[in-house]
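Chain residues, written in single-letter form:
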Amino acid sequence: REPSVYERRPGASHEPDGYSLGAFVGSSEKMQGIFSLVTKISTSDSTVLITGESGTGKELVARRIHLQSTRSDGPFIKLNCAAIPENLMESVLFGHERGAFTGALTSKPGKFELAHRGTLFLDEIGDVSIEMQAKLLRVLQDGVFERLGGVRSIQSDFRVIAATHRNIENEILAGRFREDLYYRLNVFPIHLPALRERGDDIQILARYFLKQACIRVNRIVSSIDENLLKELSLYSWPGNIRQLENVIERMVIMCEDDQLTLRDLPEEILRKKSGTANDRMELTFKEQVRAKTQELERRLIEEALQRNSGNVTRTEEVLGLSRKGLQLKMKDLGLRKDEPEDH
């Protein structure tokens, strides 16, 4: 399977000329501003905090900053903080020595050590415990840490890029996030807009994902009907770019022609109706109910995953879903996450 738009490298084919930064595609004014900001940020070594809803492309932006920086020859180390159990987080970040805990049969470097002369991407930083935040702050300030169970201080030369879908300022007010850590991370803030806020980018991305999907599933679908493109533009996309990518791939698989049309549109992509020229697009009552249901499902699944440290098996038991049912809902809502790492 060819990597998704989140994993593709700069210079990859099938990107619309003049509308992309690496594989981050878009022509809207908001995206052009982000492209410019990323280019400027890449020349420094300062920390970056990327915010935005799930599925908006935060990792892709982080990778692009790294690849445009002076650290591009160094490693890009990613850690999904939401997928790591709290009792393992210190070992994962700082490493451990042999015998540091039951099962530690060998010494192992942590993410900060592995990111030497490169970039450490801390995804979902808002999910880190308040206790671990204090330890993170110390390392960010001086670059020095010790492995779990070790006595030797280790100094690593790394750049940190953090990301979260949470409103960190609200988390600070609720006492769940340290204000000093926030200011240490938020040297360069980047907020990624939701897909519904990006105007014509939806159509550009749909065409981009069509080409990607045809390669992945070995199908030839040459174009997308204009009526379908308009319909895609009217949908709110709660799962953002990731959801759009999944929907286009599904339509390519189910398509019986060489063009995607309205008949290929999945049932959950609801139509919006137009009001007067001065009115905003509004959903019918039935569509509003279904949209709210999707929002509720997304929130319940995200909360259950967080409570169970990203463990899908425990999450499906809590929610009363089958594994396949949970995976399908996560895919449709754009909630596909990386599997927790082995330790």
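If you're wondering where the values come from, they're calculated on a predicted model, not measured in any experiment. (Residues numbered from 1 in each chain as written. Predicted model: local features only at pLDDT ≥ 70, side-chain atom pairs only at ≥ 80, totals over all residues. Heavy atoms only, no water.)

1. Quick notes on the overall build of the protein
Worth spelling out the cut-off: Secondary structure elements are taken from DSSP: a helix is a run of H or I of four residues or more, a strand is a run of E of two residues or more, and numbering for both begins at the N terminus. We call two residues in contact whenever any of their non-hydrogen atoms come within 4.5 Å of each other. Areas reported here follow the Shrake-Rupley algorithm with a probe of radius 1.4 Å; residue values treat only the protein chains shown as occluding.
The helix and strand inventory of the protein stands at 13 helices and 13 strands. In the protein, of all internal contacts separated by at least 6 residues, the share reaching a separation of at least 24 is 71%. Summed over all atoms, the accessible surface of the protein reaches about 17,200 Å², with 48% contributed by carbon and sulfur.

2. Looking at the sheet that holds strand S3 (residues 48-51)
Definition in use: We treat two strands as partners when DSSP finds at least two bridges between them. Fitted lines through C-alpha atoms give the axes, limited to the stretch in contact for helices. The angle between two N-to-C directions lies from 0 to 180 degrees.
The strand order S4-S7-S10-S3-S11 describes an open sheet built from five strands, whose pairing is parallel. Edge strands, defined here as strands with exactly one partner in the open sheet, are strand S4 (76-80) and strand S11 (188-191). When the angles between neighbouring strand axes are averaged without regard to direction, this sheet yields 15°. Pairing of S3 with S11, which is carried by four bridges, proceeds in the parallel orientation. The residue bridging Val48 from the neighbouring strand is Phe188, located in S11.

3. Description of the packing of helix H8 (residues 201-217) against helix H9 (residues 226-234)
Heads up, the rule is: Every angle not falling under 35 degrees, over 145, or within 65 to 115 is termed oblique; those three ranges are roughly parallel, roughly antiparallel and roughly perpendicular. Crossings are classed by handedness, with left-handed meaning an anticlockwise turn of the near helix from the far one by less than a right angle and right-handed meaning a clockwise turn. Three classes are used: nonpolar for Ala, Val, Leu, Ile, Met, Phe, Trp, Tyr, Cys and Pro, charged for Asp, Glu, Lys and Arg, and polar for all others, with Gly counted as polar.
Interaxial distance between H8 and H9 falls to 9 Å at its minimum, and their mutual angle equals 120°. The pairing of H8 with H9 is recorded here as oblique in orientation. Crossing geometry of H8 relative to H9 is assigned as right-handed. Across the interface between the two elements, Ile202, Gln203, Ala206 and Arg207 of H8 pack against Glu226, Leu229, Lys230, Leu232 and Ser233 of H9. Considering only residue class, the contact of H8 with H9 consists of four nonpolar, two polar and three charged.

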